[in-house]
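Given next are the chains, with one letter for each unit.
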Amino acid sequence: TDPLAGNYDAANVPNTDDGSCEYGPWGDIPNTDCNMTVLLPADLDITVEGETLSGSIWISVYDADGNVCGSSLYTPGEVNSVAVWGAELDGQTESGDPNYADYGMEPGETLNWMVMSDGEEIGAVVTYGFGAGTYSCFGLSGLSSLTATSVVTQAIDLNLGWNIWSTYVAPE
């Protein structure tokens, strides 16, 4: 009965809410007064852990605070999109929840991507076919590729003799 649910079927809407709405692995994502649309084309090039995607996968965008601000179930060969929700423009919410005003992307904030694969959240790097990789209210972008990997590598060039270096790898 909820058009925001991932399993909503406009051709077969039930008369009563039977609790069967599915919102994906991140639950019901709150909508706000402004969003950005990111196109997921039918021919989106997706690899997860080095393997080309053959089945459906949940794709999401999260903000700098780690809040998931939009998600979509993507199936190769089908056009889809992600509605990326922004922070309330006036800082007020209809729900009255004082924490809700902090939810959502800020103008100019980088879109951070991840997928859910086999119950694991995996960070992703994307390439844009058009538009920007930063949030803008009523903005429009489109992906051309998405590469998700949980392996983080770092190459350090060492000179002959003594070397001093420091490193910190935080895959999150």
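You'll find the structure just up there.
Everything numeric here is computed off the predicted structure, so don't read it as measured data.

A. Main features of the state of the cysteines. Evaluation of the coordinates by the stated rule reveals 1 disulfide. Residue Cys34 pairs covalently with Cys137 via a disulfide, S to S 1.3 Å. Taking the sign of the S-S torsion, about 105° here, the bridge from Cys34 to Cys137 comes out right-handed. Pair noted here: Cys34 is in the segment before strand S1 (35–40) and Cys137 is in the loop between strand S8 (120–130) and strand S9 (140–148), with a separation of 103 residues, a long-range link. A relative accessible area of 1% places Cys34 in the buried class. In this structure Cys137 comes out as partly exposed when scored by relative accessible area, which is 29%.

B. Quick peek at the environment of Tyr168. Note that Tyr168 resides in the segment after S9. Residues Tyr168 and Gln154 lie 14 residues apart in sequence; the distance between their C-alpha atoms is 9.7 Å.

C. Molecular detail of the nonpolar core. Counting 34 residues, the largest nonpolar core has Ile46, Ile59, Val84, Leu111, Trp113, Leu143 and Leu146 as its most contacted members. Every element with two or more residues in this core is listed here: S1, strand S2 (45–48), strand S4 (57–62), strand S5 (68–74), strand S6 (80–85), strand S7 (112–117), S8 and S9. If near-sequence neighbours (up to four positions away) are discounted, Leu143 is found in contact with Val38, Leu39, Leu40, Pro41, Leu44, Trp113, Val126, Thr127, Tyr128 and Gly129.

D. Inspection of the pairing of S9 at higher detail. Bridging between S1 and S9 involves 3 bridges; their strand directions are parallel. From the neighbouring strand, Thr37 faces S9, where its bridge partner is Leu140. As defined by bridge partners, S2 adjoins S9 across 4 bridges and the pair is classed as parallel. Considered in S9, the bridge of Val48 is made with Ala148. In the sheet, S8 pairs with S9 via 6 bridges, with the strands oriented antiparallel. Bridge pairing in S9 places Phe130 opposite Gly142.

What counts and what doesn't
- Residue positions within a chain follow its written sequence, with the count starting from 1.
- Local features in this predicted model are restricted to residues of pLDDT 70 or higher, and side-chain atom pairs are both shown and tallied only at a pLDDT of 80 or more, whereas totals for entire chains, interfaces and linings draw on every residue.
- Side-chain measures here rest on the full set of heavy atoms in the structure, leaving out hydrogens and waters.
- Our working definition of a disulfide is a cysteine sulfur pair at a distance within 2.5 Å.
- Put simply, DSSP H or I for four residues or longer makes a helix, DSSP E for two residues or longer makes a strand, and each gets a number counted from the N terminus.
- Think of it in three bands: residues with accessible area under 20% of the maximum for their type are buried, residues over 50% are exposed, and the middle band is partly exposed, with areas taken using a 1.4 Å probe on protein chains only.
- In plain words, nonpolar cores are sets of buried Ala, Val, Leu, Ile, Met, Phe, Trp, Tyr and Cys residues tied together by side-chain atoms within 4.5 Å.
- We call two residues in contact whenever any of their non-hydrogen atoms come within 4.5 Å of each other.
- DSSP calls a pair of strands paired once it identifies at least 2 bridges connecting them.

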